[in-house]
There are 2 protein chains.
Amino acid sequence: MPPEPTPTQSPAPPTTRGLHLIGELYGAEGLSDVDHVAASLEAAAKACGATILDTRLHPFDEHGGVTGVVLLAESHITIHTWPEHAYAAVDVFLCGDCDPADSLPILKEAFRPDRMTTQTIERG
Amino acid sequence: MPPEPTPTQSPAPPTTRGLHLIGELYGAEGLSDVDHVAASLEAAAKACGATILDTRLHPFDEHGGVTGVVLLAESHITIHTWPEHAYAAVDVFLCGDCDPADSLPILKEAFRPDRMTTQTIERG
C-alpha cells in the first residue's frame, strides 16, 4: 500500500480566484496614527476571516502620512494615506472564500470618511 | 522677516493622484523562487523611478507559492503566485509622476508569461 500523502499545513488557498476591492476614502480621519492604522487593517483582515502573515507600516515625516500592508495567506490589504488631503487609498485583495466587502464596516468605523467609493475586480 | 520654511526630506509624493496597474500573468515561470521574485519586484520599482522603503516576501510550503510586497514612497508593488497554476497576480500602484507601465518589460522578462492581461485604474 502506498504511503498516505502528507497533509499540508500551508494556509495558502487552493484557488487563484479572488476578489480585489479598491477603496478611495475622502474626508477621512485617523490617517496619521500608525498604531491605529495597523490595528484597523488587522481588524479588517480578521473581519474577512483572513490569515495575517505580516504587518508593515511606514510613517512619512511630512504631513504624517502612512503607507503600509497586511500580508495575508489570502493575498493582502494595503493603505496609503494623505492626512493633509484627508484621503486614503485602500486595497483589500482576498483569494479563496474570503469576501473583501466584509472589511467595509471596519474601515468606515476606523477612518470615518465623508465619502467612500469602491470597485471590486475579479482576479485569477 | 519670518524664518524660511524648513525644507522637507520626506520622499512622500505631494499629490494623491496615482495609477494602479493590475496585472494577471498566465503561463508564467520563476514563481516559487523567493529571491528571484524579490529582485524582480525591486527591479520593477527602480524601472519606474520609485523609492523602495521595504521588501517583504513570504513563501508558502505548499506548491512553493510566494506572497509579497515592495512598499514604496509612491505606494506599492505586490505579488501573489501559484506556481502549480503558473499564475501570478501583480499590482503596481504608483502615485506622483511614476508610470507603472514602465515595470512591464521587467515583469515580462522575469516571469515570462505566455499571456498577460493588464488594466490601469486611476487613484486619488
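Bear in mind that the values here come from a model prediction, so they are computed numbers and not experimental data. (Residues numbered from 1 in each chain as written. Chains lettered and ligands numbered in written order. Predicted model: local features only at pLDDT ≥ 70, side-chain atom pairs only at ≥ 80, totals over all residues.)

All names here are of chain B. A rise of 1.5 Å per residue sets the reference length of helix H1 (residues 34–47), with its 14 residues, at 20 Å; its end C-alpha atoms lie 20 Å apart and thus fit the reference within 8%. What H1 keeps buried is the set Val37, Ser40, Leu41, Ala44 and Ala45. Take H1 and look down its axis: the buried residues cluster within an arc of 140°, on one side only. Gly49 lies just past H1 and shows a positive phi near 75°. (Helix = DSSP H or I, 4+ residues; strand = E, 2+ residues; numbered from the N terminus. Expected span 1.5 Å × (residues − 1). Buried ≥ 20, exposed ≤ 12 C-beta atoms within 10 Å, placed from the backbone. Arc of directions from axis to C-beta.)

Residue and element names in this part refer to chain A. In spatial order, the strands read E2-E3-E4-E5-E1-E6; together these six strands make up an open sheet with antiparallel pairing. Each of the sheet's edge strands pairs with one partner strand only, and the pair in question is strand E2 (52–59) and strand E6 (115–123). Averaged over all neighbouring strand pairs, the angle between strand axes comes to 10°, with direction disregarded. Relative to strand E4 (residues 75–82), strand E3 (residues 66–72) is paired through six bridges, and the arrangement is antiparallel. Counted as the bridge partner of Thr67 is His80 from E4. Sheet contacts for helix H1 (residues 34–47): E2, E3, E4 and strand E5 (87–95); angle to E2, the most-contacted strand, approximately 155°. (Pairing = 2+ DSSP bridges. Axes fitted to C-alpha atoms, helices over the stretch in contact; angles between N-to-C directions. Contact = placed C-beta atoms within 7 Å.)

A few words now on the interface of chain B and chain A. With 31 residues of chain B at the contact, the number on the chain A side is 31 residues. For the side of chain B that touches chain A, the secondary-structure elements that each account for two or more residues are strand E1 (18–26), strand E2 (52–59), strand E3 (66–72), strand E4 (75–82), strand E5 (87–95) and strand E6 (115–123) of chain B. At five residues, the largest contribution of residues to the side of chain B that touches chain A is made by E4(B). In terms of residue class, the side of chain B that touches chain A is made up of 10 nonpolar, 15 polar and six charged. (Nonpolar A, V, L, I, M, F, W, Y, C, P; charged D, E, K, R; others polar.)

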